[in-house]
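A structural walkthrough
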Amino acid sequence: SSTSKSAPKPSAAQKKKQGPMGIVGKRKAIKPVQALSLAEEKDPDGSIRVPGYRGVWINPKGKHFIKLRGKRYSGNDSADEDDDDSDGGGDGDVVYFDSVEEAAREYDTQLRKDGGKNKEFNYKANGDRILLLA
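Okay, so let's go over this structure. (Residues numbered from 1 in each chain as written. Predicted model: local features only at pLDDT ≥ 70, side-chain atom pairs only at ≥ 80, totals over all residues. Heavy atoms only, no water.)

By the element assignment, Glu120 lies in the segment after helix H2 (100–114). Between the C-alpha atom of Glu120 and that of Arg54, which follows or precedes it by 66 residues, the distance is 7.5 Å. Once residues lying within four places of it in the same chain are set aside, the contact partners of Glu120 are Arg54, Tyr107 and Leu111. A polar side-chain atom of Glu120 sits 3.3 Å from a polar atom in the side chain of Arg54. (Helix = DSSP H or I, 4+ residues; strand = E, 2+ residues; numbered from the N terminus. Contact = heavy atoms within 4.5 Å. Polar contact = N/O pair within 3.5 Å; in protein donor to acceptor, adjacent residues only side chain to side chain.)

Here it is as structure tokens:
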């Protein structure tokens, strides 16, 4: 007679503590990836960030503008100043563009003026479009 020993089966309490078989480590909640979110970014005035372009927005009237450091670009290097439009909601001296591409190129130009590394552009230095996934 052959005696085959099998491993003792874990109790229900042990199974609950260990988690499902075949999974190593603790189970972690899956967090939604913000970059892949289909939800629109919206300003209080109804302006919407243009999907696929960094820093480019469109207002409810259909005019394109850019935001630098969270503030609407006015063209006079005042993005750092605290004024009545610091929340980005007013139209004051905001610069508007005729097309998304024109706005995206100006956004890139302003980022390049700021200098620094790890900037995320809309276009490569040679003019080719950088496509955003999702």
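Text resumes after the structure shown.
Before going further, it helps to spend a moment on unusual backbone geometry. Positioned with a positive phi, Arg69 is a non-glycine residue whose angle comes to about 50°. Along the chain, Arg69 falls in the loop between strand E3 (64–68) and strand E4 (71–72).

What follows concerns the pattern of salt bridges. Under the criterion given, the structure shown has 6 salt bridges. It is possible to trace a salt-bridge network through shared partners that takes in Asp43, Asp45, Lys67 and Arg72. (Salt bridge = Lys/Arg side-chain N within 4 Å of Asp/Glu carboxyl O.)

In this structure the tally under the stated criterion is 1 aromatic pair. Measuring from centroid to centroid gives 6.4 Å for Phe65 and Tyr96, while their planes differ by 85°, and the two rings are edge-to-face. Taken together, the positions of Phe65 in strand E3 and Tyr96 in the loop between E4 and H2 put the pair 31 residues apart, joining distant regions of the chain. On the basis of relative accessibility, which here comes to 0%, the residue Phe65 falls in the buried class. One Lys or Arg, Lys63, reaches over the ring of Tyr96 and ends 5.1 Å from the middle of that ring. Sitting over the ring of Tyr123, Arg105 keeps its end group 3.8 Å from the ring centre. (Phe/Tyr/Trp six-rings, centres within 6.5 Å; stacked < 30°, edge-to-face > 60°. Buried < 20%, exposed > 50% of the residue type's maximum accessible area, 1.4 Å probe, protein only. Lys NZ or Arg CZ within 6 Å of the ring centre and 35° of its normal.)

Just distances and angles here, no functional claims.
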